[in-house]
Each structure stands twice: as structure tokens, then as C-alpha cells.
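Commentary on secondary and tertiary structure
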Amino acid sequence: MAASKVLTGARVVLPTGTVAAGRVIVDGTRIAGSAPETAETVDLSGQWLVPGFVDIHNHGGGGASFTSGTVEDVLTGVRTHRLHGTTTIVASTVTGEMDFLAQRAGLLSELAEQGDIAGIHFEGPFISPCRKGAHSEGLLRHPDPADVRKLVDAARGHAKMVTLATELPGGIDSVRLLAEHGVIAAIGHTDATYEQTVEAIDAGATVATHLYNAMPGLGHRAPGPIAALLEDERVTVELINDGTHLHPAALELAFHRAGADRVAFITDAMDAAGFGDGRYMLGPLEVEVRDSVARLVEGGSIAGSTLTQDRAFKRSVTVDRLSVEDTVRALSANPAKLLGMYDTVGSLEPGKYADLVVLDAEFDVKGVMRRGEWVVAPNEGHPVVL
Ligand SMILES: [Zn+2]
């Protein structure tokens, strides 16, 4: 059991607003309302204290992929993102053979049972060949509800989200099936029209998988999925805020149309996140990472990102000029609510897990705590890659 700590002096971002020189008390794994006299005091003057980040769409990091590799590899990816402030992570898979994905779901569900990951997101194979991005075309299939069900069952209660091209045969029935099982149906890698997207939302789809990327653009006579996803209060839109996937003006448009409570900043990270340039595999496809941008060797499609959520935070505040409070919503509170985990993570409130990030005045990570333990001890410089 971790000792009690009182974190003092920082600007603390709470759901109700920011408190100058606030106090957060950590008792064991949780945030507490009062401190025992024996508590250790940690002075965080001049820094920000924000909730740990929640990433609902992440394929790996630290040289490791969640779609392939051993349990230890997956943990390497999870730990790499923790160093960058992501204390709750959903492991995303890319398109593969059905049997292979079911097998991966088995392995990942064990890590979910241990609390290392928050669950599983299947991105593919139920996506559109017209908008396949970095997924293998030969392995794509229609979202037959029986197949969707097979993956959900293989995840043993830990399937959190499935990305679907809902306009394909079986798409709407699959959305209904997922909604009935409490799994998020996410619209993405889609060639749907505006009208088809509205139909999928009405059937129960609640997330836009990396809005703008891998879907038709916003046309004035054919507004497509983007307009439908942005206008509907029931939908949370994922945005990859790395400066490569989205033009700042596109991000600004989405953020202001959806509002700060309906945006989730995700990484869509692949192996190279927190690791470096070079050659990698994304599922069965080869990827070249140059200057931190991941592209398929064949065709040059953007193949996930090398983003970490601390960089998304800094960019949001310093480049996008969003408020710290709205940035916290997009990185912590909104994704936690979406996962149904807001009672334990996503804000700094007594009773919740002591998952938090210390940022300096330039919004660089100075400390990360998860479940009451320092992953990166504060005031010891930048996190290092494992
Ligand atoms: Zn994708």
C-alpha cells in the first residue's frame, strides 16, 4: 500500500474549474478527502495537476504492437504511454483474420482482467475497402452480426468498442447488436453518406472513429458522415491532434461544432510512439516512420500516429489555443465517461483512483501517478522511454 501524500501548490484542474495552489490528497490507490498527519507533502508549486489521460484508441508504442507480440510486448506499449500521462488505455487491434483477432482478444482480455488495460477496441475488419487506410484490403469483410458477435464473445466482457463502416451489409444490425451488449459502436473507415450516418446513429452508434480521417470530406451538397457525426448530441468524436492528421482549422471547426464535452483526443498510436523513426509492421503491413510520421511503405497512406497524449495536451493549449479545462475534458473526462469509467477515473475527485499528471508551465510532463504510485516521479525531468 502506497503511503499517504499531500500534493500541494499546483494549479489543480477540477471538474468545476481550476484552483490556484490546490491540494490533492492521495491515500493508497485513491484520492482522499482528508489527510492523516503522517502524510508526506509534495510541493508542486508552479506546476499544473491534471487527471491522468484516457486513450480509447491506441494500437501500441515503445516498439510494441497490441495486435501482435507477446503479453510482455503489450505491457511495454502500455508502460510507454503511461510515461506520457496515459493512465487508462484501451488496446486497439487492426484488421486481421477473424480467428487471429479472436485469439488476440483472448490474450488482451487477460490484461484487462489484471487492470493493465481498460479493454479492447477492434478497428477492422468490418470497414470499407474504399476507406481502408492502413488496413489489409484482402482481410476486410462486411459487418455480419454473427462475426461481430464472435469477436465480442472472444473478449469475455472486455470489448469496449468496435469500429464499423455502418453502410455495409449487416452494418445497422451490427450497431444494434453492439449497443445491446454495452459495446460502443464507432463509425469509421466509412464511405457512408450523411443519411446513412444518421441511420447508424439512430440505431445506437455513439462514436466517430478519428473524425475526418478515413471518411468522405465535408461537401456542401453531400455533407457526408462528418456533418452527421458533428451535429448529433449523442456522438463523441475522436480527433488525432498531432498536427499531421488534421489541419488546425479542421480541428477547430470540429471542436466548436461538437463542443468541449463531445470530443475525445486519441492517439491512434502505433509501435513507433515513444520509440523513434524506422521500419515497423502494422498488422501484416509494413510501415516507414520518418520524422515521426508513419506511412505505409506501399501506397504511402498515413498509418496511425506516433502521438502520445502529453503531446496532444501541449498542442491543444499552445497551438490550438484551447483552454486547459477543455483540454482536460478531451483527454480525460469525456473518454472516461464514454467508457463508463467516470466513477473511478477521468477527474481529480475524492474516491477516484489517484491517476494524475504533473505538467510544468510549458505543459511538459514532470510527473505521472497511477493508482497512487509515481510512474514518473515529479521534479526529476522528462520521462524517459523504457
Ligand atoms: Zn483508423
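Residues numbered from 1 in each chain as written. Predicted model: local features only at pLDDT ≥ 70, side-chain atom pairs only at ≥ 80, totals over all residues.

The protein chain goes by N-acetylglucosamine-6-phosphate deacetylase in an unreviewed UniProt entry, where it is assigned to Streptomyces alfalfae. Comment text from UniProt for the protein chain, heading Sequence similarities (unreviewed entry), reads "Belongs to the metallo-dependent hydrolases superfamily. NagA family." (UniProt positions renumbered as here; feature names shortened; annotations may be inferred.)

Below, the discussion takes up the environment of Leu 178. Assignment of secondary structure puts Leu 178 in helix H4 (residues 171-180). A residue is classified by how many C-beta atoms lie within 10 Å of it, and Leu 178, with 26 of them, is buried. Considered as a pair, Leu 178 and Thr 88 are 90 residues apart in the sequence and their alpha carbons are 22 Å apart. Residues contacting Leu 178, with those up to four places away along its chain left out, are Val 148, Val 162, Val 183 and Ala 185. (Helix = DSSP H or I, 4+ residues; strand = E, 2+ residues; numbered from the N terminus. Buried ≥ 20, exposed ≤ 12 C-beta atoms within 10 Å, placed from the backbone. Contact = placed C-beta atoms within 7 Å.)

Following the UniProt record, one finds the feature "domain: Amidohydrolase-related" (unreviewed entry) at residues 49-375. For residues 49-375, the end-to-end C-alpha separation is 15 Å, with 31% helix and 23% strand making up the annotated structure.

Now for the domain arrangement of the protein chain. One frequent convention defines the size of an interface as the accessible area lost when the parts assemble. One can read the domain layout of the protein chain as domain 1 (5-50 + 346-376) and domain 2 (52-338). On a C-alpha basis, the centroid separation for the pair domain 1 and domain 2 is 29 Å. Counting residues at the interface gives 18 residues for domain 1, matched by 21 residues for domain 2. Mapped onto the side of domain 1 that touches domain 2, the elements with two or more residues apiece are strand S3 (17-19), strand S7 (48-51), strand S21 (356-359), strand S22 (365-370) and strand S23 (373-376). Among the elements that make up the side of domain 1 that touches domain 2, the one with the highest residue count is S22 (three residues). Taken together, the residues that form the side of domain 1 that touches domain 2 break down as 11 nonpolar, four polar and three charged. (Domains from an automatic or database assignment. Nonpolar A, V, L, I, M, F, W, Y, C, P; charged D, E, K, R; others polar.)

Between its terminal C-alpha atoms helix H9 (residues 324-338) stretches 20 Å, which fits the 21 Å expected from 15 residues at 1.5 Å a residue. The sharpest bend along H9 reaches about 45° and sits at Ala 330. When we look at burial in H9, the residues that qualify are Thr 327, Val 328, Arg 329, Ala 330, Leu 331, Ser 332, Ala 333, Asn 334, Pro 335, Ala 336 and Leu 338. Positioned one or two residues after H9, Gly 340 has a phi angle of 75°, which is positive. (Expected span 1.5 Å × (residues − 1). Bend = angle between axes of the 7 residues up to and from the residue.)

Moving on, we get to the packing of helix H8 (residues 309-318) against H9. Taken N-terminus to C-terminus, the directions of H8 and H9 make an angle of 150°; their axes are 9 Å apart at the nearest point. Taken as axis vectors, H8 and H9 run roughly antiparallel relative to one another. Note that H8 runs across H9; the crossing there is right-handed. Across from Gln 309, Ala 312, Phe 313, Ser 316 and Val 317 in H8, the residues of H9 making contact are Val 324, Thr 327, Ala 330 and Leu 331. A breakdown of the residues in the contact of H8 with H9 according to their chemical character gives six nonpolar, three polar and no charged. (Axes fitted to C-alpha atoms, helices over the stretch in contact; angles between N-to-C directions. Parallel < 35°, antiparallel > 145°, perpendicular 65-115°, else oblique. Left-handed = near helix turned anticlockwise from the far one by under 90°.)

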